[in-house]
Amino acid sequence: MAYIFIFGCFLLLGVASSLAARVGYRGTVCDRSDGYEVSAEVKSDPALRKRANGLVAFWCTGAAALSFAALVPIGSVVLSGGGKSVSTWGLVVFALYGLAVVTLGAYPFEKIKHLGRPAER
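Residues numbered from 1 in each chain as written. Predicted model: local features only at pLDDT ≥ 70, side-chain atom pairs only at ≥ 80, totals over all residues. Heavy atoms only, no water.

**Student:** Just to check I follow, could you spell out the overall build of the protein for this structure?
**Tutor:** Counting its secondary structure elements, the protein contains 5 helices and 0 strands. Ordering the α and β elements of the protein from the N terminus gives α-α-α-α-α. The C-alpha atoms of the protein give a radius of gyration of 18 Å, which is well past the 14 Å a tight globule of 121 residues would have. Taking the principal axes of its C-alpha atoms as reference, the protein extends roughly 55 × 35 × 15 Å. (Helix = DSSP H or I, 4+ residues; strand = E, 2+ residues; numbered from the N terminus. Rg over C-alpha atoms; globule rule 2.2 N^0.38 Å.)

**Student:** It is not clear to me how a nonpolar patch on the surface should be interpreted in this structure. Could you clarify?
**Tutor:** A contiguous nonpolar surface patch, about 320 Å² in accessible area, is contributed by Leu11, Val15, Leu19 and Phe68. Top contributing element to the nonpolar patch by residue count: helix 1 (residues 2-26), with 3 residues. Positionally, Leu11 belongs in helix 1. (Patch = residues over 30% accessible without salt bridge, like charges linked within 9 Å, V, L, I, M, F, W, Y side chains within 5 Å. Areas by Shrake-Rupley, 256 points an atom, 1.4 Å probe, with all protein chains shown as cover. Salt bridge = Lys/Arg side-chain N within 4 Å of Asp/Glu carboxyl O.)

**Student:** Any chance you could explain the side chain of Asn53 here in plain terms?
**Tutor:** Considering the arrangement of structural elements, one finds Asn53 in helix 3 (residues 46-69). A polar side-chain atom of Asn53 sits 3.0 Å from the main-chain amide nitrogen of Val29. Residues within four places of Asn53 in sequence aside, it is in contact with Val23, Gly24, Gly27, Thr28, Val29 and Cys30. (Polar contact = N/O pair within 3.5 Å; in protein donor to acceptor, adjacent residues only side chain to side chain. Contact = heavy atoms within 4.5 Å.)

**Student:** What exactly am I supposed to notice about the packing of helix 3 against helix 5 (residues 88-113) here?
**Tutor:** The N-to-C vectors of helix 3 and helix 5 enclose an angle of 170°; their axes lie 8 Å apart at closest approach. When the axes of helix 3 and helix 5 are compared, the pair comes out roughly antiparallel. For the pair helix 3 and helix 5, the contacting residues are Arg51, Ala52, Leu55, Val56, Trp59, Cys60, Gly62, Ala63, Leu66, Ser67 and Ala69 in the first and Tyr97, Val101, Leu104, Gly105, Tyr107, Pro108, Phe109, Lys111 and Ile112 in the second. Here the residues of the contact of helix 3 with helix 5 are counted per class, giving 15 nonpolar, 3 polar and 2 charged. (Axes fitted to C-alpha atoms, helices over the stretch in contact; angles between N-to-C directions. Parallel < 35°, antiparallel > 145°, perpendicular 65-115°, else oblique. Nonpolar A, V, L, I, M, F, W, Y, C, P; charged D, E, K, R; others polar.)

Here you go:
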């Protein structure tokens, strides 16, 4: 049962990352209806808008690819029908891997918050 939950989490993470990347590729990150909350400075500057779209498209595509890649080993355990199992250390590795994928997917949104601001020294 736990393996199915882990499989579902990585599948959901992959789908969410793919949808976020799609918004970046379509260039609608700064649109209020399709995109995300961004500062007025990023909305008004075409170069910053392009940078925001590129950040979301690139990093979310990477997060989606990594989360879909995790479905292969977890899926083989689920499909084995109880013939295979993952050790405790394997589950810890999956948890750390999931944390890395979430961090990778969240990076562009944190970076967009700081676009357009002068570097603080």
